[in-house]
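Tertiary structure, described
In case you want the letters, here they are:
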Amino acid sequence: MRYLVTGELMKRVDQYTIEQIGIPSLVLMERAALAVFKEAVNHVKQTDPVWVLCGSGNNGADGIAAARMLHISGYKVLVILAGKKEKGSSEYLTQLSIAEKTGVDVVEGFSFKAVECSLLIDALFGVGLDREILGGHLEIMKSITGCRPEFTIAVDIPSGIHSDTGQIMGAAIPADVTVTFGYEKLGTMLYPGKEYSKQVIVADIGFPPESINYVKTEYFTFHKADTALIPKRPAYSNKGSFGKVLLVAGSKNMSGAAFLSALAAYRTGAGLVKIFTVEENREILQTELPEAVIVSYHSSDAEKKTENFEQLLIEQCEWASVIVLGPGLGQADYVKNLVESVLANAYVPVIVDADGLNTIASYPELTGYYTDNIIITPHLGEMARLTGSAVELIKKHLIQTAREYADRFGITCILKDAVTVAALNDQRTYVNSSGNSSMAKAGAGDVLTGILAGLLAMGLEGPDAAALGVWLHGLAGDMRKKKYGDYSLLARELADEIDIILKEQMRE
Ligand SMILES: NC(=O)C1=CN([C@@H]2O[C@H](COP(=O)(O)OP(=O)(O)OC[C@H]3O[C@@H](n4cnc5c(N)ncnc54)[C@H](O)[C@@H]3O)[C@@H](O)[C@H]2O)[C@@H](O)CC1
Ligand SMILES: [K+]
């Protein structure tokens, strides 16, 4: 697991380390600057012009210290100061004084045009950026990016990117590499900040591990070793040992979503998968996936809420150890009865997706059935319908939107976007770091619900399954992309890729 921090949490890590542990601020800074220096020398020769753009906070102070190291090592470096020197932090003033005494070239402001810059070290703003960039700072950012530096290293975070949301605060300097200190910032994980940060290197500058426990960050992501969280399959077991997944999915002429979800649930390891669907889908699903049990109903019975229909549905809910509600259900009138009956009769984890969510958006009173067993998996459009907010606004505040909705109802909310975030019902927030644009295809969401169902069926707790499922889904996409590129992915291949991940996991 990798911890992630907001700007505020990072400042508290700094503060704890300096004040409680007693590591001086300038010692941390020296290590931060050294990490930037080490990265810089990978990209330039001593004769190449290097610019270091420095603000007057501690991010700028890091930049000045890195410039001094480059200068002492014989590199051709120029420090460009933005903002007012007098307003500088005490570390900034110290670093500036050292730089001047060691003979580093320093200029205030930027007035030259069309000059060459082989490497730009961007130390204008770090996690202290807290408002829109205007005036002189904006001008200097424009002038410098206008010179098209050949390579850019961002110090801690690309200047102009908000460390909590990844949003651009008026303007931002795109980096080729971001050397970030101690812990990854949310802003480098979320778009557009993720794109501006490009490759992120996390430099250990000496924060003691307890500093992160002290600030209690609730944000995290996974890395490869975390596939170890996938439950093991004991040898002495039978199909019942790995859970029973009930998919309430599909409508007339819409069987694909149910198929993909069921396939993914089986591939992830569920012992039994049953599809509860309209009679019209029976034949095709039986042909496509004979491993799945099909129980069918007539939509007219659901429409009338006949006693037989209700009884059948209750039996299915009692049978299941996890339920998926929504893929391909469509929006016919009877679907409301179906969704309501499942929500009312389910006492196991329920993953609500697609038309399940659209139905809840149309009948908000159905949120009355939400319990801590519920995991919802909306994409931006579905989230907009659920919350009444505009897609553009949700996009800018992914974490906040997911978190607020999850907290309001005590559920887990997986909000799907290029970077998916999961606001878990135990207060943690997972920010996904796997996946790629080849997965932006119809059916990919159905595979995700199947993976989640498979993990829950094998006994993972809801919040863990939510985070791990999102991670595995993205990992499957990344593996597929590595083999076949960006364009041609079919959703079912994501489900197929899961076997390889699980096989590797068994080997390790
Ligand atoms: N000892 C420490 O505290 C350490 C700090 N570190 C560095 O310090 C950075 C944080 O330093 P600071 O908290 O000083 O913050 P920054 O250096 O990121 O920037 C803060 C300064 O910019 C101003 N500012 C914010 N938004 C602005 C805007 N839109 N327009 C104009 N001015 C604006 C603030 O008023 C403040 O003066 C980290 O990102 C990291 O690079 C590292 O050296 C590690 C150790
Ligand atoms: K920066």
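In every chain, residue numbers begin from 1 and rise along the written sequence. The naming scheme follows written order: chains are lettered A onward, ligands numbered 1 onward. Per-residue local features are limited, in this predicted model, to residues with pLDDT of at least 70; the limit for side-chain atom pairs, both in listing and counting, is 80 or more; totals at the level of whole chains, interfaces and linings are taken over all residues. Only hydrogens and water are removed before side-chain values are computed, so all heavy atoms of the structure are retained for them.

**What about the domain arrangement of the protein chain?**
Many structure descriptions define interface size as the accessible area lost when the parts assemble. Residue ranges assigned to each domain were obtained from an automatic or database domain assignment. Assigned domains of the protein chain: these are domain 1 (2-220) and domain 2 (240-507). Averaged C-alpha coordinates put domain 1 and domain 2 at centres separated by 42 Å. Residue contacts follow a heavy-atom distance rule, with two residues in contact if any of their heavy atoms lie within 4.5 Å. Each side of the interface is counted separately: domain 1 has 12 residues, and domain 2 has 17 residues. Between domain 1 and domain 2 lies a buried interface of about 1,100 Å² when both sides are counted; carbon and sulfur atoms form 67% of it. A pairing counts as a salt bridge when a side-chain nitrogen of Lys or Arg comes within 4 Å of a carboxyl oxygen of Asp or Glu. Counting the contacts that link domain 1 with domain 2 gives 0 salt bridges. Pairs of N or O atoms are called polar contacts if they sit within 3.5 Å, as long as, within protein, a hydrogen donor faces a hydrogen acceptor (for residues adjacent in sequence, only side-chain-to-side-chain pairs). Remark: the boundary between domain 1 and domain 2 carries 3 residue pairs in polar contact (both at pLDDT 80 or more). Secondary structure is summarised from DSSP: a helix means a run of H or I of at least four residues, a strand means a run of E of at least two, and numbering begins at the N terminus for each. Mapped onto the side of domain 1 that touches domain 2, the elements with two or more residues apiece are strand S1 (2-5), helix H6 (186-189) and strand S10 (219-221). Residue polarity is assigned by list, with Asp, Glu, Lys and Arg as charged and Ala, Val, Leu, Ile, Met, Phe, Trp, Tyr, Cys and Pro as nonpolar; anything else, Gly included, falls into the polar class. Taken together, the residues of the side of domain 1 that touches domain 2 break down into 7 nonpolar, 2 polar and 3 charged. When two parts are put together, the accessible area they lose, computed with a 1.4 Å probe and summed over both, is reported as buried area.

**Description of the pattern of salt bridges**
Summed over all chains, the structure comprises 21 salt bridges. With a closest N to O distance of 3.7 Å, Asp417 and Lys395 form a salt bridge. Linking Asp417 in the loop between strand S17 (412-415) and strand S18 (421-423) with Lys395 in helix H16 (residues 391-396), this pair joins segments that are 22 residues apart in sequence. Exposure remark for Asp417: the relative accessible area of 26% places this residue in the partly exposed category. Between buried and exposed lies partly exposed: a residue is buried under 20% and exposed over 50% of the maximum accessible area for its type, with that area taken using a 1.4 Å probe on protein chains only. Judged by its relative accessible area of 36%, Lys395 is partly exposed. The residue Asp407 makes a salt bridge to Arg403 at a minimum N-O spacing of 2.9 Å. Linking Asp407 with Arg403, this pair stays in helix H17 (residues 398-409), spanning 4 residues, or about one helical turn. A relative accessible area of 12% places Arg403 in the buried class. Residues joined by salt bridges that share partners form a network here, namely Arg480, Lys483, Glu493 and Glu497.

**Regarding the coordination of the potassium ion (ligand 2)**
Coordination of the potassium ion (ligand 2) by the protein involves Asn59 (OD1), Asp122 (O), Phe125 (O), Val155 (O), Ile157 (O) and Ser159 (OG), with metal-donor separations of 2.6 to 3.0 Å. Only nitrogen, oxygen and sulfur atoms within 2.8 Å of the metal, or 3.2 Å for Na, K and Ca, are treated as donors, and water is left out, so sites may look incomplete. Metal sites are grouped by the angles between bound donors: all angles between 85 and 135 degrees with four donors is tetrahedral, opposite donors over 155 degrees apart with the others between 65 and 115 is square planar for four donors and octahedral for six, and any other pattern is irregular. In this structure, the potassium ion (ligand 2) is coordinated by 6 donor atoms arranged in irregular fashion, with angles at the metal of 68 to 177 degrees. Between consecutive donor residues of the potassium ion (ligand 2), the sequence gaps follow N-x62-D-x2-F-x29-V-x1-I-x1-S. Remark: Ile157 occurs in the loop between strand S6 (151-155) and strand S7 (177-181) and Phe125 occurs in the loop between strand S5 (119-123) and helix H5 (135-146); sequence separation between them is 32 residues. Judged on exposure class, the residue Phe125 and its partner Ile157 are both buried.

**A word on the UniProt feature "domain: Rhodanese" (unreviewed entry) in the protein chain**
Within this structure's numbering, the places UniProt gives as "domain: Rhodanese" (unreviewed entry) are residues 37-97. Across residues 37-97, helical content stands at 44% and strand content at 20%; the span's end C-alpha atoms are separated by 19 Å. UniProt positions are given in the numbering used here, feature names are shortened, and annotations may be inferred rather than shown by experiment.

**A look at the packing of helix H18 (residues 444-457) against helix H19 (residues 462-484)**
Axis separation between H18 and H19 bottoms out at 9 Å; the angle between their running directions is 135 degrees. Classified by the angle between their axes, H18 and H19 sit oblique to one another. For H18 against H19, the interelement crossing comes out right-handed. Judged by residue contacts, Ala444, Val447, Leu448, Ile451, Leu452, Leu455 and Leu456 of H18 engage Gly462, Ala465, Ala466, Leu468, Gly469, Val470, Leu472 and His473 from H19. Taken together, the residues that form the contact of H18 with H19 break down as 12 nonpolar, 3 polar and no charged. Every axis corresponds to a line fitted to the C-alpha atoms, with the helix fit spanning only the stretch in contact, and the corresponding angles, defined between N-to-C directions, vary from 0 to 180 degrees. Orientation categories follow fixed angle ranges, with anything under 35 degrees roughly parallel, anything over 145 roughly antiparallel, 65 to 115 roughly perpendicular, and all other angles oblique. Left-handed describes a crossing whose near helix is turned anticlockwise from the far helix by less than a right angle; the clockwise case is right-handed.

**Points about the sheet that holds strand S14 (residues 322-325)**
Any two strands with at least two DSSP bridges between them are considered paired. An order of S8-S1-S10-S19-S18-S17-S16-S15-S14-S11-S12-S13 is seen for the 12 strands of this open sheet, with the pairing classed as mixed. Two strands close off the open sheet at either side, each with one partner strand: strand S8 (184-185) and strand S13 (293-297).

**A closer look at the sheet that holds S7**
One open sheet accounts for 7 strands, arranged S4-S3-S2-S5-S6-S7-S9; its pairing is parallel. The open sheet is flanked by strand S4 (105-108) and strand S9 (199-203), the only strands paired with a single partner. Sheet twist, expressed as the mean angle between neighbouring strand axes with direction ignored, is 20 degrees. Across 5 bridges, the pairing between strand S2 (residues 49-54) and S5 is parallel. Looking across to S5, one finds that Trp51 is bridged to Leu120. Those strands touched by helix H2 (residues 25-40) are S5, S6, S7 and S9, and its axis lies near 160 degrees from that of S7.

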